[in-house]
Amino acid sequence: DFTTENGAVIIRVRSDDVMFARGSDQLTPKARRTIDAVAQVVAPLPHQIRIEGHTCNLPVRSGKYANNWELSSARAISVVLHMISKCGFSPHRLSAMGYSDTLPVVPNNSEAHHIKNRRIDIVLTRGDAPHKTSVTAAGGGAVDPDVKPGPVDVVPHVDVTLMPHGKAGASHQ
């Protein structure tokens, strides 16, 4: 599913039997194919990508994770690591968040709703990478962090946004 929220595009993938076995953070073969397909679509876009793991409110029964916080975080990390190692994404474009059962899309009051709430959200946000490991000057030398930069020429920014049904649209800012 595709949706938008607060200026971000959210690609929602149900976890049950698609991404992970219950209580596991190991990507299924179907999950790898799904992530690879999504990666092909989002790779050329300029957005930061936040992978969010979500669970339902049922207790975790596997011995590996003590609770849904750990499970949802581990699942998000598994997706991030796949996108880096198999899809070629820069780690600077990706982040992982685990939300446990705190952001359900529907009330956790039936098995059908539990299934909808167990999911991975791939969130495309605007902005630069949150952490940069190095800064270089235009000439290639290191930048002294105590020296304030001079004026910057502003160039119009083109933002590509996913529209419903996978169509892309561009807006100039």
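A. Summary view of the environment of arginine 22. Turning to its location among the elements, arginine 22 is positioned in the loop between β2 (8-14) and α1 (29-42). Residue classification places arginine 22 among the exposed residues on the basis of a relative accessible area of 55%. Separated by 40 residues in the primary sequence, arginine 22 and serine 62 place their C-alpha atoms 8.3 Å from one another. Residue contacts for arginine 22: discarding those within four places in its chain leaves Asp16, Arg75, Glu111 and Arg118. A distance of 2.6 Å separates polar atoms of two side chains, one belonging to arginine 22 and the other to glutamate 111.

B. The arrangement of α1 in detail. In this model, α1 (14 residues) spans 20 Å end to end at C-alpha, consistent with the 20 Å of a helix rising 1.5 Å per residue. Buried within α1 are the following residues: Ala31, Ile35, Val38, Ala39 and Val42. One face of α1 carries all of its buried residues, which in axial projection span an arc of 105 degrees. Along α1, the residues that are exposed and aim more than 90 degrees away from the buried face are Pro29, Arg33 and Gln40. Among the structural elements, β2, β3 (48-54), α2 (68-85) and β5 (119-125) are those in contact with the buried residues of α1.

C. Region of the structure containing the environment of isoleucine 10. Along the polypeptide, isoleucine 10 turns up in strand β2. The contact partners of isoleucine 10, leaving out residues within four places of it in the chain, are Asp1, Phe2, Thr3, Glu5, Asp121, Ile122 and Val123.

D. Spatial organisation of the nonpolar core. Core analysis: the largest hydrophobic core is formed by 24 residues, its most contacted members being Met19, Val42, Ile49, Ile51, Val79 and Met83. When contributions to this core are tallied by element, the ones reaching two or more residues are β2, α1, β3, α2 and β5. Broken down by element, this core gets its largest block of residues, five residues, from α1. Apart from residues lying up to four places away in sequence, methionine 19 is in contact with Val13, Arg14, Gln26, Leu27, Thr28, Ala31, Ile35, Val79 and Ile120.

E. Seen up close, the sheet that holds strand β1 (residues 2-5). As summarised here, the arrangement of the five strands in space is β1-β2-β5-β3-β4, forming an open sheet in which the pairing is mixed. The strands lining the two open edges of the sheet, one partner per strand, are β1 and β4 (94-98). Neighbour-to-neighbour, the strand axes of this sheet turn through a mean angle of 25 degrees, independent of strand direction. In this sheet, β4 lies alongside β3 in parallel orientation, the contact comprising five bridges. Note that in β4 the partner of arginine 50 across the bridge is serine 95. Most of the contacts of α2 go to β4, to which it runs at about 165 degrees, and overall it touches β3, β4 and β5.

Basis of the calculations
Residues numbered from 1 in each chain as written. Predicted model: local features only at pLDDT ≥ 70, side-chain atom pairs only at ≥ 80, totals over all residues. Heavy atoms only, no water. Helix = DSSP H or I, 4+ residues; strand = E, 2+ residues; numbered from the N terminus. Buried < 20%, exposed > 50% of the residue type's maximum accessible area, 1.4 Å probe, protein only. Contact = heavy atoms within 4.5 Å. Polar contact = N/O pair within 3.5 Å; in protein donor to acceptor, adjacent residues only side chain to side chain. Expected span 1.5 Å × (residues − 1). Arc of directions from axis to C-beta. Core = buried A, V, L, I, M, F, W, Y, C linked by side-chain atoms within 4.5 Å. Pairing = 2+ DSSP bridges. Axes fitted to C-alpha atoms, helices over the stretch in contact; angles between N-to-C directions.

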